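Read off the chains here:
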Amino acid sequence: MHVEIETLPALRLATVRHLGPYQQIGRAFGRLDEIVTRAGLPHRELVGVYYDDPTLTPADQLRSDAGVLIDEGVQLPPGLDEQRVPAGRYARAEHAGSYAGLPGSWGELKRALAAQTGNPNPRGYTFELYRNTPMEVPEGELRTLLYMSIAEAGRGAGGP
């Protein structure tokens, strides 16, 4: 897996919370789409934010947010919460194809980071940026960018 390091500015999101298995976040994205469409909310790409390590947290307690990137100053309609992706350095890799393969790609990203950093269990703020959706392209043409914050020298990586 090819991993690049990228410095990101803080990103503002309008989100719907999902509690439970990450593979079931589609329901939250459905609700997000309903609210965004009804309100005519100007937005950019879809983003999924994942707060817990599924190897450490029971599936029914996993926290995530289905979100859309929005500009500063845009008022959120009722039913959406504001979240911020923190500015900083992130490892980035691309996943091509079905969302069913995302857990494997996350494992590859973590192994690649472990090899680069010497940290056997890299952890940080994680999110996915969806370059397209199943409503736009066939499953095999889906493109998802995986992001994990990486620690600055002398600072630990973390998330919310």
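To be clear, the structure that these remarks concern was listed above.
First, a word on scope: everything that follows refers to the structure included in this document. (Residues numbered from 1 in each chain as written. Predicted model: local features only at pLDDT ≥ 70, side-chain atom pairs only at ≥ 80, totals over all residues. Heavy atoms only, no water.)

Here we look at the side chain of Asp-65
Topologically, Asp-65 is positioned in strand β4 (residues 63-69). The residues touching Asp-65, leaving out its near neighbours within four places in the chain, are Thr-15, Val-16, Arg-17, Ile-25, Val-47, Gly-48, Val-49, Tyr-51 and Gln-83. (Helix = DSSP H or I, 4+ residues; strand = E, 2+ residues; numbered from the N terminus. Contact = heavy atoms within 4.5 Å.)

A few points about the environment of Tyr-90
Position of Tyr-90 among the secondary structure elements: in strand β6 (residues 88-96). Distance from Tyr-90 to Val-68, taken between C-alpha atoms, is 19 Å for residues 22 residues apart in sequence. Setting aside residues up to four positions removed in sequence, Tyr-90 forms contacts with Glu-4, Ile-5, Glu-6, Leu-8, Val-85, Tyr-125, Phe-127, Tyr-147, Met-148, Ser-149 and Ile-150.

Focus: the nonpolar core
Counting residues in each nonpolar core, the largest one holds 19 residues, and the members touching the most others are Ala-14, Leu-32, Leu-41, Val-68 and Leu-80. Only β2 (11-19), α1 (26-39) and β4 provide two or more residues apiece to this core. Dropping the residues within four chain positions of it, Leu-32 is found in contact with Ala-14, Val-16, Leu-46, Ala-66, Gly-67, Val-68 and Leu-80. Leu-8, Leu-13, Tyr-51 and Leu-129 belong to the second largest nonpolar core, which has 14 residues in total. (Core = buried A, V, L, I, M, F, W, Y, C linked by side-chain atoms within 4.5 Å. Buried < 20%, exposed > 50% of the residue type's maximum accessible area, 1.4 Å probe, protein only.)

Points about the pattern of salt bridges
For the coordinates displayed, the defined rule picks out eleven salt bridges. Salt-bridge contacts for Arg-17 lead to Asp-65; the nearest nitrogen and oxygen are separated by 2.7 Å. Of this pair, Arg-17 sits in strand β2 while Asp-65 sits in strand β4; the two residues are 48 residues apart in sequence, bridging distant segments of the chain. Overall, Arg-17 belongs to the partly exposed group, its relative accessible area being 41%. We classify Asp-65 as buried; its relative accessible area is 1%. Among the ionic pairs, Arg-44 bridges to Asp-71, the shortest N-O distance being 3.0 Å. (Salt bridge = Lys/Arg side-chain N within 4 Å of Asp/Glu carboxyl O.)

Quick look at the packing of aromatic side chains
As enumerated under the stated definition, the model contains eight aromatic pairs in all. Ring centres of Tyr-90 and Phe-127 lie 5.7 Å apart, and the angle between their planes is 75°; on these two criteria the pair is classed as edge-to-face. Linking Tyr-90 in strand β6 with Phe-127 in strand β7 (residues 126-130), this pair joins segments that are 37 residues apart in sequence. Taking relative accessible area as the criterion, Tyr-90 reaches 1% and is therefore assigned buried. Between Phe-127 and Tyr-147, the aromatic rings sit 4.6 Å apart at their centres with planes inclined by 5°, giving stacked as the arrangement. Here the residue Phe-127 occupies a position in strand β7, and Tyr-147 occupies one in strand β8 (residues 143-149), the gap between them amounting to 20 residues. Its relative accessible area of 5% is what places Tyr-147 among the buried residues. Pairwise contacts between aromatic rings join Tyr-51, Tyr-90, Tyr-125, Phe-127 and Tyr-147 into one cluster. (Phe/Tyr/Trp six-rings, centres within 6.5 Å; stacked < 30°, edge-to-face > 60°.)

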